[in-house]
Structure formats: C-alpha cells, structure tokens
There are 2 protein chains.
Amino acid sequence: MNNLQNLEFNEEACKKCKGRYCASKVSIFSVLEEPQLKEVTDKIDRKIYKKGQMIFFEGDISDKLYLINKGKVKIFKYTKEGKEQILYILSEGEFVGDLSLLKKGEFKFNAEALEDVNMCQLTKDDFDDVLRKNPDMALKVLQVVYERISKLETLIQSLSTKDIESRVSGLLLNFIKDFGVPKGNNVELDLPLSREDIANYIGVTRETISRKLNSMQEEGILKLVGNKKIIIQDLEKLESLYE
Amino acid sequence: MNNLQNLEFNEEACKKCKGRYCASKVSIFSVLEEPQLKEVTDKIDRKIYKKGQMIFFEGDISDKLYLINKGKVKIFKYTKEGKEQILYILSEGEFVGDLSLLKKGEFKFNAEALEDVNMCQLTKDDFDDVLRKNPDMALKVLQVVYERISKLETLIQSLSTKDIESRVSGLLLNFIKDFGVPKGNNVELDLPLSREDIANYIGVTRETISRKLNSMQEEGILKLVGNKKIIIQDLEKLESLYE
DNA sequence: CGCGGTCTTGATAACGCTCAATGATTGTGG
DNA sequence: CCACAATCATTGAGCGTTATCAAGACCGCG
C-alpha cells in the first residue's frame, strides 16, 4: 500500500525505478522474479517519440527491443506502388523487435509513433542474456508471438475478402475489442488512425473508406463524430456485415 | 556407415524406429539429445493421408502436433465469399499445430493433403511434456514460428499490392526458392498447386491466373508445360516484375 | 477412345481507383 | 480569440482492371 503510493507520487523514487514500470507492463517479463526483474529494469533505457516521428525504418539493424510504455505505434511496410500496408497497431505493454535469439537481423518493416510515445528500450544483447538465464520466458515470448501470428492470419483473411464492407466491419470490430468504450447502448471508439491509415490497414484508398463509413452511417450502424471518433449504434448489424 | 545401411534397407528395423526418422527431420527436435529424442519418437504415431484428403478442419480441437514426413500440405481459411485463402504450403520437415503451451485451442484454419502425405503425429500433452523438460527447445520453436511470421508478412505485402503481375511473380519466385530445379539456363518448377490453388494463394480468380501466366509466356519469361510444370526462361525479367 | 475434370479464352459489367474540386477540422501566429 | 493556413476528409465523374458468366479446348485417366 505504502509502496504503491511511493511509486505513484514520489518523483525521486520514480526516476530511480526507471524502467521498472515499463517492464512490469510487458507480459513476457511477468515470469521474472525480483532479482531478474531488477536486472532487466536497470538496463532499460527510456525515450520519447513525438507523434508522427519514425521509430525505425525497414532495413535498420534490429539491435534493440522496443517496449511501449505509453502511446500507440504503427508497424507497416510499403507495397510496390509505394502505399503503406499496416501490419499491426501496437499499444501500451506491447513490444516490437527481432525476437530471434543470437542474430541481429534487419527490420522488415517501419515503425511510426501514432501519438506521443513513451518507449523503453533494451538492447538485444541484454534481452538475449535475460532469455538465456530464464528459459521459461521463451514460452511466454512464444505465446505473444503466437498471438501475433493469429492477428496476421486474420488480416490476411480480411485482405483476401473482396467485400469491402466486410473488411471495414472487421477492422472496426477489432478496434472495439482493443479500445472501445461502452456508453449506454452504444460503443464509443476513439480512432488512433486517420482515414488514410485505416485505408492502408485494409488495403483500399482513403476515398473508399470515406464512402463506406458514410454509407454505414446512413444505414444507422454508426455515427461519425469529427474525424477521430465513431459511435457504434448497431453493433449487431456491424457484426452481421462481418460474418 | 553400417548403421545407416541398416536404417535404409532393413524393413524390420525401420518399423521399429517408427517416428525417429520423422522427428529428426523436424528442426525443432534437433536440440534434443539421444535419450530425449527416443522419448519423443516412441510417442509418435504415423498416419497416411491421400491426396485431396482433409487433415483437419477449422474449429477442430487442436490436440495434436502434425509433423510432415513426406508430401505437401495446404493450410487455408475460407473468406466470407466462401473462397479459400491459402496461408502456407508446408513440406517435408515442417509441422503444424497449436504451439501455445498448456491450452488446447481450436484450429483456426483447414489443412488438406496436396499429395499423398506421410504424417507423424504427437499428442499435444506429449509435446508439452518434451517442451517443459527441454526449455532450450522453446527457442528453436520460437525461431520457426518467427520464420512463419515473416512469411505471413510477405504474403500480406503481396495481397495488398494491386499489381497482379507482381503478385504472380512473387509467388513463382517463392516456389522457385522452395522447390525449383535448375536445368541449364532455365529453372524447372513442378507446381504442387492447381491453377485454382495458385489463385487462392494470391487472392485472385483462376481465370486471372490463366491470363497472367499466358501473357508472361508470350513475353518469353516462362513456358507452360501441361498444367503442373512451368519452365522459367528469364528469371531476371521475372524478378524485375516483382520489385 | 471417350469421359470428367481442369484449364483457357472471350464478352460483359461491376467495383474501386484515380483525379479533381469542395468542405471540414486542427493548429498557429497576430 | 479570431483569422488564416495547412492538413485531413468528403464528394463526384470517368476510367481501368478484374470478377463474373459462359462456352470451348485440353489434359489425364480409366
């Protein structure tokens, strides 16, 4: 109780604890006991990225693990035509980096801060070290990676579905699951993405997204409030469009 | 030397060794030493699937790990419109199954034998057991899973690329890498897939694939021999289409 | 040799992309 | 705090590409 208060309100203590808060947010480190956890947190480096700032580029040497402490990060590739294809939107508690042990590969995608982001960074060497000393953690990592595979498989299914209404619904339902806020009968959705980003997620153009969202508004499924908020009014109908 | 001969030619010995051959083909088991390897192989169950036969369906309880000893397996989902979307083509030495420890999930895709397939099967409980006793193996599994993520990310990039010629090229280049046979200046390619399967891999219709392959033949890039063989005559041009 | 399945080819039409202009929202400096 | 700029989103018209539908050729197998 007292400890918690110290952590929350004592600026000095907070500076000392450095990355601890960060590490405890990341599920793969949850298997670590106190001494190991300290070892990790001592090595963590913090950095802030401003909205719109690039965190790394495709082709960069991947020698760090990036743990998101706050904010959202967009992971994407470029298609042949130069359009972005978004692979993941990562939030607080998630991480990105080359997870294969030993080798330092190159990033195969780009990462950009969608909002101001507090990032904790751990060098790959340090991470490998922790992993070697705590083989149990590999199972935890495996679990996370496995979830990521599932997301990609779903995205593939979505991209290969011709019906665009269905793709938009799928995206919205995902967002609702991840950060939708129930308000009475409705669900409020604060979009982390611009129209263009949404388009780049499901592989269409920005204009098409505009039109589809609009037609969904006319059908009474949702209500567009400004550019970054959507109120879902008929969740069932939305779900019926998806499946 | 003598041992090898025994394994290869002695039918009796081969029956006794059961799944050993299978396990040794699968990279994740390569970290295992003799006693553990034996433990695994003793538990392995063999099964043969005929060409076209379903191995499992989406929604089935995933309580087994499937190790491919021979043949190719198609892993796919259905889109909303009922079309197949192929996620992976798995070959000898690869495996499929729920890799997340402890829980027995449901398969989120279907698996079908593209040829006659020799399959080795290991129950999930047995696999979990091995994994717990050999935490090192988790790193190996992680590596494999990681490669699979890369494949999916590439597939996504391909699916979101509008230019279909580029998608076809990408698929062909992948096939060449996986099972192309150089013949003089050319590369021969025995397709494991029908035209429809190819179409379902890159998310177009069978007619479109026909037309594209034909136009590529007219451009002198390749030569179609029957339905299951392609001779690549101008690899450079093919590569230039892709990037 | 003939039959079933697979593949090719052609004509048509639908759908989303492109381009272009207008409208809304956000951010900034006077 | 307002005005203006800049960014972002919407709307419309026309075009291009591919899906669709339909018919025919080809391959491989009994």
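Residues numbered from 1 in each chain as written. Chains lettered and ligands numbered in written order. Predicted model: local features only at pLDDT ≥ 70, side-chain atom pairs only at ≥ 80, totals over all residues. Heavy atoms only, no water.

- In the nomenclature of an unreviewed UniProt entry, chain A is known as Global nitrogen regulator of Gottschalkia purinilytica.

### A closer look at the environment of Phe 175 of chain B
Residues and elements named next belong to chain B.
Here is step 1: With respect to the helices and strands, the residue Phe 175 is situated in helix 7 (residues 164–179).
Here is step 2: C-alpha separation for the pair Phe 175 and Asp 190, spaced 15 residues apart in sequence, amounts to 8.9 Å.
Here is step 3: If we skip the residues at most four places from it in the chain, Phe 175 touches Gly 180, Leu 189, Leu 191, Leu 193 and Tyr 201. (Helix = DSSP H or I, 4+ residues; strand = E, 2+ residues; numbered from the N terminus. Contact = heavy atoms within 4.5 Å.)

### Brief notes about the protein's contact with DNA strand C
Here is step 1: By nearness alone, 15 residues border DNA strand C, and Thr 208 of chain A together with Arg 195, Ser 210, Arg 211 and Asn 214 of chain B come closest of all.
Here is step 2: Taken together, the sugar and phosphate atoms account for 66% of what DNA strand C places within 4 Å of the protein.
Here is step 3: Between a phosphate oxygen of DNA strand C and a side-chain N or O atom of Thr 205 of chain A, the distance comes to 3.0 Å.
Here is step 4: Take Arg 211 of chain A: an N or O atom from its side chain is 3.2 Å from a base oxygen of DNA strand C.
Here is step 5: Contributing elements (two or more residues each) for the surface near DNA strand C: helix 9 (206–218) of chain A together with helix 9 (206–218) of chain B.
Here is step 6: Class assignment of the residues belonging to the surface near DNA strand C gives a composition of 2 nonpolar, 7 polar and 6 charged. (Near = heavy atom within 4 Å. Polar contact = N/O pair within 3.5 Å; in protein donor to acceptor, adjacent residues only side chain to side chain. Nonpolar A, V, L, I, M, F, W, Y, C, P; charged D, E, K, R; others polar.)

### Section: the protein's contact with DNA strand D
Here is step 1: Neighbouring residues of DNA strand D: 15 residues in total, closest Arg 195, Ser 210, Arg 211 and Asn 214 of chain A together with Thr 208 of chain B.
Here is step 2: When atoms of DNA strand D within 4 Å of the protein are split into backbone and base, the sugar-phosphate part holds 67%.
Here is step 3: Contact between DNA strand D and Thr 205 of chain B: a phosphate oxygen at 3.0 Å from a side-chain N or O atom of the residue.
Here is step 4: At the level of elements, helix 8 (195–202) and helix 9 of chain A together with helix 9 of chain B are the ones that each hand at least two residues to the surface near DNA strand D.
Here is step 5: Grouping the amino acids of the surface near DNA strand D by side-chain chemistry returns 2 nonpolar, 6 polar and 7 charged.

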